[in-house]
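Here are the chains, one letter per residue:
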Amino acid sequence: MAEFFDKYGALLAQGTVDTLVMTILSCLFAYVIGLPLGIWFAVTAPGGLRPNRAVNTVLGWIINIGRSIPFIILLVAIIPFTRLVVGTSLGVPGAVVPLTVAAAPFVARIVEQSLAEVDKGLIEAAHSFGASNFQIVVKVMLKESLPSLVRGAAITFVNLFGYSAMAGTVGAGGLGDIAIRYGYQRFQGDVMLAAVILCVVLVQVFQTLGDWLARKIDKRS
Amino acid sequence: MIELKDVGKVYHASDGDHRALDHINLKIDDGDIFGIIGESGAGKSTLVRLLNLLERPTEGQIVIDGDDITNYEGRQLRELRANIGMIFQNFSLFQQRTVLQNVMFPLEVRREPKAQNAERAHELLRLVSLDDKASRYPSELSGGQQQRVAIARALANRPRYMLCDEATSALDSRTTVQVLDLLARINEELGVTMVVITHSLAVAQRICNRTAVIDAGHIVEVGETAELFANPQSKVARELLDWGFEKAPDSDESFSSEEIDCSEEVVA
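Only a predicted model underlies this, so the values are computations on that prediction, with no experimental measurement involved.

Chemist: Any chance you could break down the overall build of chain B for me, citing the residues and the numbers?
Modeler: The number of helices and strands found in chain B is 10 helices and 10 strands. By the compact-globule yardstick of 18 Å for 268 residues, chain B fits well, its C-alpha radius of gyration being 18 Å. Across its three principal directions, the C-alpha atoms of chain B cover 50 × 45 × 35 Å. A buried classification covers 47% of the 268 residues belonging to chain B. Within chain B, contacts between residues separated by at least 24 positions form 70% of all contacts whose residues are at least 6 apart in sequence.

Here's what the structure looks like:
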């Protein structure tokens, strides 16, 4: 056991750091793009704050196309774009770009779902007090759906955590990459197992944290 | 004063047009508690939503204090709405805000100075006898308490008018009486003109000085409440009267014997 950790401890630690950096950065950027997109999508929906069928349809297409492309294809297909943005298609920076592009439409969709759950009566009440549409988005829709948004963020984070394993194919490292290289390609079952256990534990921790936070901020019951 | 002149509302749907309101002419005087009574689907909810333009009329004019507001937009519309408080059947309190933050909401959206907002909100909560619940969340309150918070919130901008959309329909009869008496007191002491939408005769009889009966998008009868129900001219009014006596004798009785517990002085 001690021998195993002497030999692979540093590797696994580096893998954990790489995975977390990739996941956290791409999650952050996915929200920078996906959150406004999701709000726009919800606001222009039929029965929304400012219904606009044309805009809503186009947004729907973009979001659905983005969500339907398999990640491993996307990863390779946008390599020129990735180079343009971060100057390389390799390593952690090379992985964060495709991860962000893959997750942003997913984020837009779950944000839209969360916002759609907000009681229409609350929006009507806010209108009746003279709130502007912008104020209603910020002070009513986002505020009232915050627990749901947090749950969505936890799901996004865990999904990205899983996707980041595939980013190993562009040399970004990470726990998933270690599991594949050592376990799948070199038949070192013990390293693979250690990497997988770390993945399971980390996912459990983040999901539990997300659920706990969502419950804590929810004042409905 | 609120005047509706030949107001109509038509909804356009894929299966054809649906006329919700037709040639509505009404005059609501300052200081009135004006009842609009009718069965569900008669158009009363649509009618009250025209007064603060939550719904737009498709015909006619709405005049408030001499100004034709029918086509108000943007800033002008938001100013108008600040002068018309509204309460709802399901209270529509913001669940993720405390009672105090709920009452402050209308002030917050008007960008009033923050410090004064809290002071004003506490003042309003004292008016509805709920200042001790200021830091609670709506889910921790009973229905009657929630509606009293909603009333405090509706009064935040010192409106001249208040719209009550089936405000007591989700409450039991005892709580209904408390809320109605609170509304009557606000009308009397703060001079807020009220428009009360209800399907309940007992509600109209308890607080409305004037009442209009609406049926299938038409106003079929308007008058002093007592007179109207002593001598109903329309079929609908007679039906409401029969219904009131046959089906809700309990609530009628309890309506006259209850005392409201919100007895603090008016500070607004």
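So much for the structure itself; the text now carries on.
Chemist: So, the confidence of the model for chain A: which residues are in play, and what are the values?
Modeler: In the predicted model, chain A carries a mean pLDDT of 93, and 100% of its residues have values of at least 70. The element-level mean pLDDT for chain A is lowest in helix α9 (residues 175–185) of chain A, coming to 86, with helix α7 (residues 133–144) of chain A highest at 97.

Chemist: So what's going on with the nonpolar core? Residues and values would help.
Modeler: Counting residues in hydrophobic clusters, the biggest one holds 129 residues, and the most contacted among them are B:Val103, B:Cys164, B:Val195 and B:Val196. For this core, the domains that each give at least three residues are domain 1 (2–83 + 162–257) and domain 2 (93–158) of chain B. Those residues in contact with B:Val195, other than ones at most four positions away along the chain, are B:Ile28, B:Phe34, B:Ile36, B:Val48, B:Leu51, B:Leu163 and B:Cys164. Counting residues in hydrophobic clusters, the runner-up holds eight residues, among them A:Ile178, A:Ala179, A:Ala194 and A:Cys199.

Chemist: Please set out the interface of chain B and chain A residue by residue, giving values where relevant.
Modeler: Taken together, the contact between chain B and chain A spans 19 residues of the former and 18 residues of the latter. Elements with a minimum of two residues in the side of chain B that touches chain A: α2 (74–82) and α3 (99–109) of chain B. When residues in the side of chain B that touches chain A are grouped by element, the largest group, four residues, is from α2(B). A per-class count over the side of chain B that touches chain A returns nine nonpolar, six polar and four charged.

Chemist: Residue-level account of the environment of B:Asn209, with values.
Modeler: All names here are of chain B. Mapping asparagine 209 onto the fold places it in the loop between α7 (201–207) and β9 (210–215). Note on asparagine 209: 16 C-beta atoms within 10 Å, which makes it partly exposed. Sequence-wise, asparagine 209 and glycine 31 are 178 residues apart; in three dimensions their C-alpha atoms are separated by 9.6 Å. Sequence-distant contacts of asparagine 209, that is, excluding residues within four places in its chain, are made with Asp32, Ile33, Glu224 and Thr225.

Chemist: Tell me about the domain arrangement of chain B, and please be specific about residues and values.
Modeler: Residues and elements named next belong to chain B. As far as domains go, chain B holds domain 1 (2–83 + 162–257) and domain 2 (93–158). Taking only C-alpha atoms into account, the centre of domain 1 sits 25 Å from that of domain 2. Listed as interface residues are 11 residues of domain 1 and, on the opposing side, 11 residues of domain 2. Element by element, the count of residues in the side of domain 1 that touches domain 2 is highest for helix α6 (residues 173–190), at five residues. For the side of domain 1 that touches domain 2, the class distribution of residues is eight nonpolar, three polar and no charged.

Criteria and cut-off values
Residues numbered from 1 in each chain as written. Chains lettered and ligands numbered in written order. Predicted model: local features only at pLDDT ≥ 70, side-chain atom pairs only at ≥ 80, totals over all residues. Helix = DSSP H or I, 4+ residues; strand = E, 2+ residues; numbered from the N terminus. Rg over C-alpha atoms; globule rule 2.2 N^0.38 Å. Buried ≥ 20, exposed ≤ 12 C-beta atoms within 10 Å, placed from the backbone. Contact = placed C-beta atoms within 7 Å. pLDDT = per-residue confidence, 0-100. Core = buried A, V, L, I, M, F, W, Y, C linked by C-beta atoms within 7 Å. Domains from an automatic or database assignment. Nonpolar A, V, L, I, M, F, W, Y, C, P; charged D, E, K, R; others polar.

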